[in-house]
Amino acid sequence: MVEKRSVMFMLRRIKFKTLLIMLACLLVMFIWYIQRSPRERRRVSFRKMRIRQPGDEIPPMKFQTPSPKERKNMYAKALRKLPRPLGLHPDVALVPSLPPPDFKLPLRDCVVLPHQPRKNVTICIYKIKDDVWVSGNLKVEKLWEETLVLEMDQALKSNPDLMLVDLGANLGEYTLWAAALGHRALAVEMVLENVRMLQTSLMLSGLSQLVTIVNNALYSDHRTLQVNFMKNNMGGSRLNTSKVFEDLDLTHGVVLTKTICMDDLVPLITDRPVYLKIDIENTEHEALKCASQFFSKVNVEVVQMEWFLRSQAEMDNITSFMSHLGFHMSESATRLIKPVDIETDVFFVRKPARDV
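Reading the values: rules and limits
Residues numbered from 1 in each chain as written. Predicted model: local features only at pLDDT ≥ 70, side-chain atom pairs only at ≥ 80, totals over all residues. Heavy atoms only, no water. Buried < 20%, exposed > 50% of the residue type's maximum accessible area, 1.4 Å probe, protein only. Helix = DSSP H or I, 4+ residues; strand = E, 2+ residues; numbered from the N terminus. Pairing = 2+ DSSP bridges. Right-handed = clockwise from strand over helix to strand, strands pointing away. Contact = heavy atoms within 4.5 Å. Axes fitted to C-alpha atoms, helices over the stretch in contact; angles between N-to-C directions. Salt bridge = Lys/Arg side-chain N within 4 Å of Asp/Glu carboxyl O.

J.: Sorry if this is basic, but what is going on with the pairing of strand S6 (residues 211-214) here?
T.: Covered by surrounding structure in S6 are Val 211 and Ile 213 together with Thr 212 and Val 214, the residues of both alternating faces. Bridge analysis of strand S1 (residues 94-95) against S6 gives two bridges, and the strand direction is antiparallel. Along S6, the bridge assignment pairs Leu 94 with Val 214. Relative to S6, strand S5 (residues 185-188) is paired through four bridges, and the arrangement is parallel. Considered in S6, the bridge of Ala 185 is made with Val 211. You can see the chain leave S5, run along helix H7 (residues 192-205) and come back into S6, and the turn it takes is right-handed.

Right, here's the structure in full:
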């Protein structure tokens, strides 16, 4: 009986010591945790991570405008990490997705992106007198090409892996929208002022890490061409080989740009499926002349293309090229609806032809 009591006493002492050791360990872990910064706390958080599913609500982003010193450090880091994949053509002008430290932030000309998919997304715009259409709409809280942006929105939400390739990014409305949804984007824009606007918008919105920017024009080969600017319409800037339907703005002087092929972009695109938006002011038919490798190596699911003021020959060439690749013309980005009356843009989707 005495032996049994002594054994029970020993067991109780062992349990008590074990409990004390466990409590001491928990106390040490708690003290270590509360001494970490908020960012480090998030890194060691024990919350279960979950892959975003279609239809999930996008949480708002919190981002403060960085100080000049922070901007300088961020830009230097971005330059060091700027990807230059093997096989990338030397004419491809990769630029950081952050503005240079000496670029003055046009804060008074940056507005909230209308109908944004998540809070705190900012887009920088021109004065309305310089860009009456795109900036003019954004200034009064209207999306430019709202119907088309929302079509892209539905396509991106239906496939969380979809990547946007934005050819003719302009101020970056489509690119910002895709990045705000958490999708990666490749933005190609020939006008340096537009690139600076997009870089600033990405920085203010905290979305730079999701976007790659190329400062080139797209054409049928590699050459140097002049950029034509339109009066009151920065969004209508085009190569001097493209048709002009408006008055030229000669105040910009002579601005030259190097052209590249769509095929040159292949090393910059991951193995993700692609939503391709191409709006390069009546030069789409030229860009497609050197895009065979692009479409053979990249999994393009949807093509959104400007169809405004085209000649019949241009339309026939584009339609024949896309049909040969298995694309069908549609009025929707997510399902095949045969177009009846095309006014501005058209979609090409990889789906069996059928009447809707």
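J.: Honestly, the sheet that holds strand S14 (residues 345-349) in this entry has me stumped. Any pointers?
T.: In a beta sheet, neighbouring strands pair by backbone hydrogen bonds and run either parallel or antiparallel. If you trace the eight strands from one edge of the open sheet to the other, you get S1-S6-S5-S4-S11-S12-S14-S13, paired in mixed fashion. Looking at which strands have only one partner, the edges of the open sheet turn out to be S1 and strand S13 (328-330). Lying over the sheet, helix H5 (residues 146-158) contacts strand S4 (163-167), strand S11 (274-278), strand S12 (300-306) and S14, oriented at roughly 20 degrees with respect to S14.

J.: Mind showing me how you'd approach the pattern of salt bridges here?
T.: Oppositely charged side chains may form a pair once their charged atoms are brought near each other. Per the stated rule, a full pass over the model turns up eight salt bridges. The shortest N-O distance in the salt bridge between Arg 223 and Asp 221 comes to 2.8 Å. On the basis of relative accessible area, Arg 223 is assigned to the partly exposed category, the value being 34%. Across the salt bridge formed by Arg 310 and Glu 284, the nearest N and O atoms sit 2.6 Å from each other. Here Arg 310 is found in the loop between S12 and helix H10 (312-324), whereas its partner Glu 284 is found in helix H8 (residues 284-287), with 26 residues between them in sequence. Among the residues examined, Arg 310 registers a relative accessible area of 10% and is labelled buried. Residue Glu 284 is classed as buried on the basis of its relative accessible area of 0%.

J.: Just checking my understanding: could you explain the sheet that holds strand S10 (residues 256-260) for this structure?
T.: As summarised here, the arrangement of the four strands in space is S7-S10-S8-S9, forming an open sheet in which the pairing is mixed. Looking at strand neighbours, the two that pair on one side only are strand S7 (217-218) and strand S9 (233-239), the edges of this open sheet. Taken together, the three bridges between strand S8 (residues 224-230) and S9 define a ladder with antiparallel strand orientation. From the neighbouring strand, Met 230 faces S9, where its bridge partner is Asn 233.

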